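# Per-entry structural report
This is what each chain is made of:
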Amino acid sequence: MLALTLVLAALQQPAASPLPPQVGDTSPFRRLALPAPNEVREGSGRPGPRYWQQRADYTIRATLDTATHTIAGSETLRYVNNSPDTLRYLWLQLDQNIYKANSRGAALNPTDARFAGRGFEGGYTIDYVRAVRRVGQAAGRIPLATSGNGTMLRVDLDRPLAPGGRAELELAYRFEVPEHGSDRMGREQFAGGWLYEVAQWYPRVAVYDDVRGWNTEQYLGQGEFYLEYGDFDVSITVPRSFVVASTGTLTNAVEVLTVNQRARLARAARSDTTVAIIPKTEVGQPFSRPAGPRPTLTWHFTAKNVRDVAWAAAANFIWDASGYDGILIQSFYPPEANADWARSTEYARHSIKHYSEKWFRYPYPTAINVAGPVGGMEYPMIVFCGHRAGDRGLFGVTTHELGHEWFPMVVGSNERLYAWMDEGFNTFINIYSTLAFYSDTAPRDRGNAIQWARFAASGLDVPSMLPADRVPPPLLGQAEYNKPATGLYLLREHILADTARFDAAFREYIRRWAYKHPTPADFFRSMEDRLGEDLSWFWRGWFYRTDVVDLAVDSVRARTDSTGTSALVYLSSPGALPMPVDLRLTYANGATEDVRLPVEIWYLGNRYTYQRKVPTEVVKVEIDPKQNFPDVRRGNNTWQKSASP
Ligand SMILES: [Zn+2]
């Protein structure tokens, strides 16, 4: 609790103010203090003319040994230093090391925790790391010194990597696939054998950015990933009986699929409805795999401009697919999966189409949903959803995990530090994807102001701005998913109350930061720039702090003069987070009138007298009659004229 208190205190420090220091500006409307804009990140929220980002291209050859559940791989990493800095070493992420016996993650997570390894001991064995020299007298392979730090590995380059320079590294590695890989990857045994969901499966170079240099946060389980973009060339060798689903385009279908399967895939790609590639009746049948002398097959995939690659493999996949606008939508699930998985491809297609039409066109050639042990996890072009999920639960997890293709797969924010920028934004777009599929549902859990107010009133709320690993696990869903989603919903629907203006700004943010690394300041600035609105008060109160909304109508008086009768409505905002005020006035004749007062009524303090010419006596005034705002105390929202004595 101490650490958390300190964090809250730090976040609640008054921001730098344009006023002289002796005049403390404590108004909730003071400008939000953001890092000074520069040529890399503009004050407008756009990437600047000197924006740079590192590039990482990978070639990976890996073999899955299903007897030992081991993956052995060799990797070539081609790294381009686009930064203005000379690098003497690279930091790599060795996420599998969370499963080492004495890892920090193992110490932090109770054995049965969602993000734990459930007692599994494993981790990476790195056979070698060496530099590749292709030209000159020193052509060849040069062993490099490394130094491990938990889930991070520092690789010392044999010569400094100057700005604009390229480094090529080769490394070889092995690890045993855990059964429960922190609910992000793993394996499970079904009647037809083991099903593998493979992710965080190769040493990945950490992000080096202009904001903080190397991003070396440990992988502790709860916090996700922050990765560079690049192209991948991946070869995965599995037993011949296996089928592989992976990020990327399958380039050797002729070798790994039957003639029938290739014909069905071609048909599926042009079909709006789901086409079976391997129907249930063919699962595990010898004729469902191409014949050949070798016991293994190598599946080859390529992927462009992605931040990661993940894959799944099993001998018992049902496989179906459809197409949308040239995108192949696919599902892979074992026969034991919930029967509703037969609708997975329909759910996935709806999601990809909906997000593409509403926000930003899906840029990749395929989108895949795999059923297995992982409850819900996202990677570029491929997501893992729990095989027990069914009905609206399966729709919900599918549309959520696929929504991550936009945040953070296309808009590459730092998940480990700012989970709200992917989980929250994604949960927000899920509201509309769900509404579009089930037109009978209004936002229930997500975006629901009443539910949020109930939670906020509990006092358990923590700032969304906290890094994921510093949010108490039971509050992760509220802090990083629901709260930011509810906030954006509130902004779009009720604060701005202008959905077209919000949507244009949100799309602009996605366009500006697609395949880049935005920070919270870039998001806030970009939205304000496109909306034409200073929202410091909202960003601070909602994302940095745990301020609550509490709007009240204290009393109402009438005043009559030669010009007529006015009502004086005495309003107050005892909560720290101001909001616009929707008022409903009811007159003695029963007529009602709705009035919207802008948030600026609170500029001079948390009391405001609203004066309005009225045709007849006001008998009732109600704030937020539609309950659109997350008001933690509704008891003070209504004034009613007391009955005459
Ligand atoms: Zn998520």
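## Some details on the overall build of the protein
When helices and strands are tallied, the protein shows 13 helices and 32 strands. Computed over the C-alpha atoms, the radius of gyration of the protein is 28 Å, within 12% of the 26 Å expected from 2.2 N^0.38 for a compact globule of 645 residues. A principal-axis box enclosing the C-alpha atoms of the protein has dimensions of 100 × 60 × 45 Å. Considering the protein as a whole, with its 645 residues, one finds that 58% of them fall into the buried category. Residue pairs in contact within the protein that sit at least 24 positions apart in sequence constitute 72% of those at least 6 positions apart. For the protein, the accessible area works out to roughly 25700 Å², and carbon and sulfur atoms hold 51% of it. Of the side-chain charges in the protein, 70 are positive and 70 negative, and the distance between the mean point of each set is 2 Å.

## As for the coordination of the zinc ion
Coordination of the zinc ion by the protein comes from His 400 (NE2), His 404 (NE2), Glu 423 (OE) and Glu 423 (OE), over a distance range of 2.0 to 2.7 Å. Between consecutive donors of the zinc ion, the numbers of intervening residues give the motif H-x3-H-x18-E. Both residues of the pair, His 400 and His 404, belong to the buried class.

## Notes on the sheet that holds strand E6 (residues 146-149)
In sheet architecture, strand pairing relies on hydrogen bonds along the backbone and comes in two forms, parallel and antiparallel. With respect to topology, four strands assemble into an open sheet ordered E6-E7-E3-E12, the strand pairing being antiparallel. Taken across any chain shown, the strands that pair with only one partner, and hence form the sheet edges, are E6 and strand E12 (204-205). Summarising the sheet, strand E3 (residues 87-93) and strand E7 (residues 152-161) pair through six bridges and their orientation is antiparallel. Looking at E7, one finds that Leu 90 is bridged to Val 155.

## Concerning the domain arrangement of the protein
Along its sequence, the protein is organised into domain 1 (53-176 + 220-228), domain 2 (229-404), domain 3 (428-544) and domain 4 (552-640). Here the C-alpha centroids of domain 1 and domain 2 sit 27 Å apart. Contact with domain 1, which involves 20 residues of that partner, is made by 21 residues of domain 2. With both chains or domains summed, domain 1 and domain 2 bury close to 1600 Å², and 48% of this area falls on carbon and sulfur atoms. The largest per-residue losses of area from domain 1 upon contact with domain 2 belong to Tyr 58, Leu 64 and Leu 227, which jointly make up 28% of the total buried on that side.

## Observations concerning helix H5 (residues 344-358)
In this model H5 runs 21 Å from its N-terminal to its C-terminal C-alpha over 15 residues, within 8% of the 21 Å that 1.5 Å per residue would give. Counting buried positions over the 15 residues of H5 gives 12, a clear majority of the element. Three or more residues of H5 are buried, namely Ser 344, Thr 345, Tyr 347, Ala 348, Arg 349, His 350, Ser 351, Ile 352, His 354, Tyr 355, Ser 356 and Lys 358.

## Quick word on the pattern of salt bridges
Enumeration over the complete set of coordinates arrives at 47 salt bridges. Put simply, Glu 42 and Arg 46 hold a salt bridge, and the shortest N to O gap is 3.0 Å. Arg 46 sits in the partly exposed class, given a relative accessible area of 39%. Notably, a salt bridge pairs Glu 357 with Lys 353, separated by 3.2 Å at the nearest N-O pair. With a gap of four residues between them, Glu 357 and Lys 353 both fall in helix H5, about one helical turn apart. For Lys 353, a relative accessible area of 31% corresponds to the partly exposed category. Ionic contacts of the salt-bridge type, sharing partners, join the residues Glu 508, Arg 511, Arg 512, Asp 529 and Arg 530 into one network.

## Side note on the packing of aromatic side chains
If you walk through the whole model with that rule in mind, you get 61 aromatic pairs. With a centroid separation of 5.8 Å and 50° between ring planes, the pair formed by Phe 538 and Trp 539 is classed as tilted. Of the two residues, Phe 538 and Trp 539, both sit in the buried class. We note Arg 392 situated over the ring of Tyr 438; from NZ or CZ to the ring centre the distance is 3.9 Å.

## Section: the nonpolar core
A general trend in soluble globular proteins is that nonpolar side chains are found buried together. Counting 192 residues, the largest nonpolar core has Trp 201, Phe 506, Phe 523 and Phe 538 as its most contacted members. Considering every element that reaches this core, the biggest residue donor is helix H10 (residues 476-495), with nine residues. Setting aside residues up to four positions removed in sequence, Trp 201 forms contacts with Ile 60, Ala 62, Tyr 124, Tyr 173, Phe 175, Val 234, Val 309, Ala 310 and Trp 311.

## Considerations on the pairing of strand E29 (residues 592-597)
In this sheet, E29 lies alongside strand E28 (residues 581-587) in antiparallel orientation, the contact comprising six bridges. Paired with Thr 586 across the bridge in E29 is Thr 592. Linking two consecutive strands that pair antiparallel, namely E28 and E29, is a turn of four residues; a positive phi of about 90° is found at Gly 590 within it.

## Re the environment of Phe 332
Here Phe 332 is to be found in strand E22 (residues 327-333). Separated by 43 residues in the primary sequence, Phe 332 and Arg 289 place their C-alpha atoms 16 Å from one another.

## Brief notes about unusual backbone geometry
Here the bond from Phe 407 into Pro 408 is cis, since omega is 15°, no more than 30 degrees from zero. Mapped onto the elements of the fold, Pro 408 is located in helix H7 (residues 405-410). Even without being a glycine, Arg 118 presents a positive backbone phi close to 55°. Turning to its location among the elements, Arg 118 is positioned in the loop between helix H2 (104-108) and strand E4 (125-133).

The rules behind the values
- Residues numbered from 1 in each chain as written.
- Predicted model: local features only at pLDDT ≥ 70, side-chain atom pairs only at ≥ 80, totals over all residues.
- Heavy atoms only, no water.
- Helix = DSSP H or I, 4+ residues; strand = E, 2+ residues; numbered from the N terminus.
- Rg over C-alpha atoms; globule rule 2.2 N^0.38 Å.
- Buried < 20%, exposed > 50% of the residue type's maximum accessible area, 1.4 Å probe, protein only.
- Contact = heavy atoms within 4.5 Å.
- Areas by Shrake-Rupley, 256 points an atom, 1.4 Å probe, with all protein chains shown as cover.
- Lys, Arg positive; Asp, Glu negative; His and termini not counted.
- Charge placed at Lys NZ, Arg CZ, Asp CG, Glu CD.
- Donors = N, O, S within 2.8 Å, 3.2 Å for Na, K, Ca; no water.
- Pairing = 2+ DSSP bridges.
- Domains from an automatic or database assignment.
- Buried area = accessible area lost by both parts, 1.4 Å probe.
- Expected span 1.5 Å × (residues − 1).
- Salt bridge = Lys/Arg side-chain N within 4 Å of Asp/Glu carboxyl O.
- Phe/Tyr/Trp six-rings, centres within 6.5 Å; stacked < 30°, edge-to-face > 60°.
- Lys NZ or Arg CZ within 6 Å of the ring centre and 35° of its normal.
- Core = buried A, V, L, I, M, F, W, Y, C linked by side-chain atoms within 4.5 Å.

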